[in-house]
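# Breakdown of the fold
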Amino acid sequence: MRKLTYYVACSLDGFIGDPHGDATSMFAFADEEYMAFMHAEFPETVPTAFREAAGLVGVPARRFDTVVQGMGSYRLALDTGVTSPYAHLREIVATRSLAASPDPNVELVSGDLAARIRELKAEDGPLDIWLCGGAEIAGQLADEVDELIIKSYPQVYGSGMPMFAADFAARDFTLDGVRVFGNGVVVRTYTRKR
């Protein structure tokens, strides 16, 4: 059974972006040590347009073969003319506003997203499914998330877009690992208690 992993960047107080979803302030922490780790451990999470500059062309996926995102996250790429931001992965976009996919590599899901995720999890394969964001889709899929990989940046936002936009329900996870970087970033990995 494949896992759904919410691999996400957030502030110390749990926000993945400002009130409009902008998280560009976190880019300041992309130093050599941190980026070397990210490219070695999660090379497939680098958007296709940046893979050559990052030296990742031809580098195989280590963790994920499928990316799932909401329309808000996907819109960031569309607004720059990119219709398949992760062309090296299978792309799923949850949307009710697009009637047809602008790219053959992008599957649109307008119905029961959790059911589609369960189908993907039931597929055979060694790699997992990356929940890219944002808050609304994470909230819809909160019960389907099997693993959290949280990249905590040493910033406090005070308010903004939460990791999960969902009704209250306590969901327990077990801490599996912590990696601390010289720039203050902490990457924590958790597994869902089921």
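That block above? That's the structure.
So, here is what we can say about the structure in this document. (Residues numbered from 1 in each chain as written. Predicted model: local features only at pLDDT ≥ 70, side-chain atom pairs only at ≥ 80, totals over all residues. Heavy atoms only, no water.)

## Considering a nonpolar patch on the surface
Our working definition: The patches described consist of residues with a relative accessible area above 30% and no salt bridge, like charges being joined within 9 Å and nonpolar side chains (Val, Leu, Ile, Met, Phe, Trp, Tyr) within 5 Å. Each accessible area value is a Shrake-Rupley result obtained with a 1.4 Å probe; residue values ignore everything except the protein chains displayed when judging cover. Put simply, a salt bridge is a Lys or Arg side-chain nitrogen that is within 4 Å of an Asp or Glu carboxyl oxygen. A run of H or I in DSSP counts as a helix once it spans at least four residues, and a run of E counts as a strand once it spans at least two, with each numbered from the N terminus.
A cluster of nonpolar side chains, contributed by L175, V178 and V180, occupies part of the molecular surface with about 270 Å² of accessible area. Along the chain, the position of L175 falls in strand 9 (residues 173–180).

## Section: the state of the cysteines
What counts is decided by this rule: In this description, the term disulfide denotes a pair of cysteine sulfurs within 2.5 Å.
Tallying each qualifying case throughout the model produces zero disulfides. Summary of cysteine pairing: C10 is not part of a disulfide, and the nearest cysteine sulfur, belonging to C132, is at 14 Å.

## Comments concerning the pairing of strand 9
Here is the rule we go by: In this scheme, strands are said to pair when DSSP sees at least two bridges between them.
Strand direction decides the pairing type here: strand 9 and strand 10 (residues 186–192), joined by seven bridges, are antiparallel. Bridge pairing in strand 10 places T174 opposite T191. Taken together, strand 9 and the strand that follows it, strand 10, pair antiparallel across an intervening segment of five residues, in which G184 is found at a positive phi of about 95°.

## Regarding helix 1 (residues 32–41)
Worth spelling out the cut-off: We call a residue buried when its accessible area falls under 20% of the maximum for its residue type, exposed when it is over 50%, and partly exposed in between, using a 1.4 Å probe and counting protein chains only. The arc in question is formed by the directions pointing from the helix axis toward the C-beta atoms. The contact rule is simple, with two residues in contact once any of their heavy atoms fall within 4.5 Å.
Within helix 1, the full set of buried residues consists of Y34, F37 and M38. Looking straight down helix 1, one finds that the buried residues subtend no more than 95° of arc, so they occupy a single side. Residues of helix 1 that are buried make contact with strand 1 (4–11), strand 7 (147–153), strand 9 and strand 10.

## Side note on the sheet that holds strand 3 (residues 64–70)
As a reminder, the rule being used: Each axis is a line fitted through C-alpha atoms, taken for helices only over the stretch in contact, and angles between the N-to-C directions span 0 to 180 degrees.
Taken together, eight strands build an open sheet; the order of strands is 5-4-3-6-1-7-10-9 and the sheet is mixed. Among the strands making up the open sheet, the edge pair consists of strand 5 (106–109) and strand 9. Sheet twist, expressed as the mean angle between neighbouring strand axes with direction ignored, is 25°. Strands strand 1, strand 7, strand 9 and strand 10 of the sheet are contacted by helix 1, whose axis makes an angle of about 165° with strand 7. Along the sheet face, helix 4 (residues 113–122) touches strand 1, strand 3, strand 4 (90–94), strand 5 and strand 6 (128–133) and points at about 165° away from the line of strand 4.

## Structural notes on the pairing of strand 4
In plain terms, the rule: The handedness rule is simple: strands pointing away from the viewer, and a clockwise path from the first strand over the helix to the second, make the crossover right-handed.
The element strand 4 is largely enclosed, with a buried count of four among its five residues. Pairing of strand 3 with strand 4 involves five bridges; the strand directions are parallel. Among the inter-strand pairings, V68 is bridged to a residue of strand 4, identified as I92. Taken together, strand 3, helix 3 (residues 71–78) and strand 4 form a β-α-β motif whose crossover is right-handed.

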